[in-house]
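Structure at a glance
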Amino acid sequence: MLSGKNILIGITAGIAAYKSCELIRMFKRQNANVRVICTPNALNFVTKLTLQNLSQNEIGIEEFDVKDFKPEHISYADEADIMVICPATANTIGKVVNGICDNLLTSVISAFAKPIVFAPAMNTNMWNNVFVQENIQKLLKNPMYSIVEPDSGYLACGTEGKGRLASLDKIYQTTVEVLNSIPKKNGFLQGKKIVVTAGGTVEDIDPVRYISNYSSGKMGLALADYCNAQGADVVLITTKDIDATYKVVKVKSALDMLNAVNDEFESADYIFMAAAVADFRVKNTAGQKIKKTNDDEITLTLVKNPDILKDISSRKTHQIIVGFCAESENLLEYAKDKIKRKGCDFLVANDISRKDIGFSSDYNEVYLINKNLDTVKIDRQEKSKIASKIVEEVYAKTGCLQTCR
Ligand code: CTP
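Let us now look at the site of the ligand. In the neighbourhood of the ligand, 13 residues make up the surrounding shell, with M273, A275, L309, K338 and K342 lying closest. Between an oxygen atom of the ligand and a side-chain N or O atom of D279, the distance comes to 2.8 Å. The cavity that encloses the ligand is the second largest pocket. Of all the secondary structure elements, the ones that give two or more residues to the shell around the ligand are α11 (308–315), β17 (320–327) and α12 (331–342). It is β17 that provides the largest number of residues to the shell around the ligand, a total of three residues. The residue makeup of the shell around the ligand, split by class, is eight nonpolar, one polar and four charged.

Okay, structure coming up:
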């Protein structure tokens, strides 16, 4: 599964360092090439010989142990696809966020412009320390960094609480997910610009109240992630806060979303409209909080929002436009009617009456319908897999058209 992948494991000086030995074996079992760098103090917890045998590579420890014409921190950084810091101590995290490079590992982390997964592990009081928490937040400012948060439980120091290294399965899984999201140099969407909308729009009533919907934005995010992994130039227009390595445009209302889509429209090759756009907005948004009166009723006048999907479909030239619809009854009948009304090239339809798929769920089951009303069912599975099937299916039916235009 990880054949051809180069994983660089950084081990810092915490008792959980012994668990990194098993993590090395998990990556090796999947045929990854694993290299290891230890901080000098980490060798108080694990031996160089153990790590060397498990990784079948020499272990990096000393910064100025130069064997090559290239400085060590550059050569390690060049070779690896991803770094996993396991365990990541409060000390090393503190150095990383302050740009301190006082050993080989911190120097390599600093010179590494690719994804890094941090798996912190420490005593509960250290984890809860306000400065450590500030440093954890700072780590997340780098969009290349992911954190696998520690678990709660019995700690080696004899106390109970948060700080125990997350399960190795979780660290392994996160690493694989991050690896899969790295743009492939030869991905089939190389050279394509793909715009994705996601999340439910928010229509203000007054400064403290709004109209919105239950859309989580997960389907759109999964589409954007997959297109990015396939080498596309991705723009995600979303109402949610997202950290990504591709361009993300945060919007609030349907009108904001329309403007953002218009900005990207001309140069887009594919547009996936997964957002749940509010059909109506409040006619006169109150500038101040609306106060309660003695009346038992209040009337809000709503006006229609522009239909972004219909609008861009009527103006399209070369773009392939994919709409989405969520229905609570008569799914295929309504969807087939909707693709005709909206004029888009494809429509992805899902049934929101089902509790096991849709809105907040990580799973979905959808039908992909084209203009001739040919319908393909994509069975229930994780949204990330549904996203890849939708993109592949749409691309398979239009890729040549796009390349030949
Ligand atoms: N959509 C849009 N602009 C709107 C409403 C919807 O671009 N003002 C897009 C959505 O992003 C989605 C598709 O249209 O891709 C279908 O959304 P849906 O809410 O099902 O369409 P409606 O026209 O609102 O249909 P209904 O009559 O069922 O309300």
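We now examine α12. In this model, α12 (twelve residues) spans 16 Å end to end at C-alpha, consistent with the 16 Å of a helix rising 1.5 Å per residue. Among all positions in α12, only L331, A335, K338, I339 and K342 are buried. Down the axis of α12, the smallest arc covering the buried residues is 100°, so these residues share one side. Exposed side of α12, more than 90 degrees from the buried face: E333 and K340 are the residues found there. Residues of α12 that are buried sit in contact with α11, β17, β18 (346–351) and β19 (363–370).

Here the structure, examined in full by the defined rule, presents five aromatic pairs. On the basis of an interplanar angle of 55° and a centroid distance of 6.4 Å, the ring pair of F188 and Y226 is categorised as tilted. Of this pair, F188 sits in the loop between α8 (168–181) and β9 (193–198) while Y226 sits in helix α9 (residues 218–229), and the two are 38 residues apart along the sequence. Here F188 falls in the partly exposed class, since its relative accessible area comes to 28%. Put simply, the rings of F188, Y226, Y270 and Y395 pair up and form one aromatic cluster.

Next up on the list: the nonpolar core. Soluble globular proteins: nonpolar side chains tend toward being buried together. Within the largest apolar cluster, 35 residues are counted, with the highest numbers of intra-cluster contacts made by I7, I9, L23, F27, V36, L51 and I171. Elements supplying a minimum of two residues to this core: β1 (6–11), α1 (19–29), β2 (33–38), β4 (82–88), β5 (116–120) and α8. In this structure, I171 is in contact with L23, V84, C86, A119, V148, L165 and A166, ignoring residues within four places of it in sequence. In terms of nonpolar packing, the next biggest core, distinct from the first, is built from 32 residues, L189, A232, V234 and I320 among them.

Quick look at the layout of surface pockets now. Roughly 1,600 Å³ of internal volume is contained in the largest pocket. Forming the boundary of the largest pocket are 40 residues, of which E177, V178, S181, D225 and S384 lie nearest the centre. Residue-level mapping places the lining of the largest pocket at the junction of two domains, with at least three residues from each of domain 1 (6–180) and domain 2 (193–404). At the level of secondary structure, the elements contributing two or more residues to the lining of the second largest pocket comprise α9, α11, β17, α12, β18 and β19. Among the residues forming the lining of the second largest pocket, the class breakdown is 18 nonpolar, ten polar and seven charged.

How each quantity is defined
- Residues numbered from 1 in each chain as written.
- Predicted model: local features only at pLDDT ≥ 70, side-chain atom pairs only at ≥ 80, totals over all residues.
- Heavy atoms only, no water.
- Near = heavy atom within 4 Å.
- Polar contact = N/O pair within 3.5 Å; in protein donor to acceptor, adjacent residues only side chain to side chain.
- 1 Å grid on protein atoms, 1.4 Å probe; cavity = no way out; pocket = protein on both sides within 12 Å on 5 of 7 lines; lining within 4 Å.
- Sits in = over half its atoms within 2 Å of the grid points.
- Helix = DSSP H or I, 4+ residues; strand = E, 2+ residues; numbered from the N terminus.
- Nonpolar A, V, L, I, M, F, W, Y, C, P; charged D, E, K, R; others polar.
- Expected span 1.5 Å × (residues − 1).
- Buried < 20%, exposed > 50% of the residue type's maximum accessible area, 1.4 Å probe, protein only.
- Arc of directions from axis to C-beta.
- Contact = heavy atoms within 4.5 Å.
- Phe/Tyr/Trp six-rings, centres within 6.5 Å; stacked < 30°, edge-to-face > 60°.
- Core = buried A, V, L, I, M, F, W, Y, C linked by side-chain atoms within 4.5 Å.
- Points joined across faces, edges and corners; volume = space filled by probe spheres on them.
- Domains from an automatic or database assignment.

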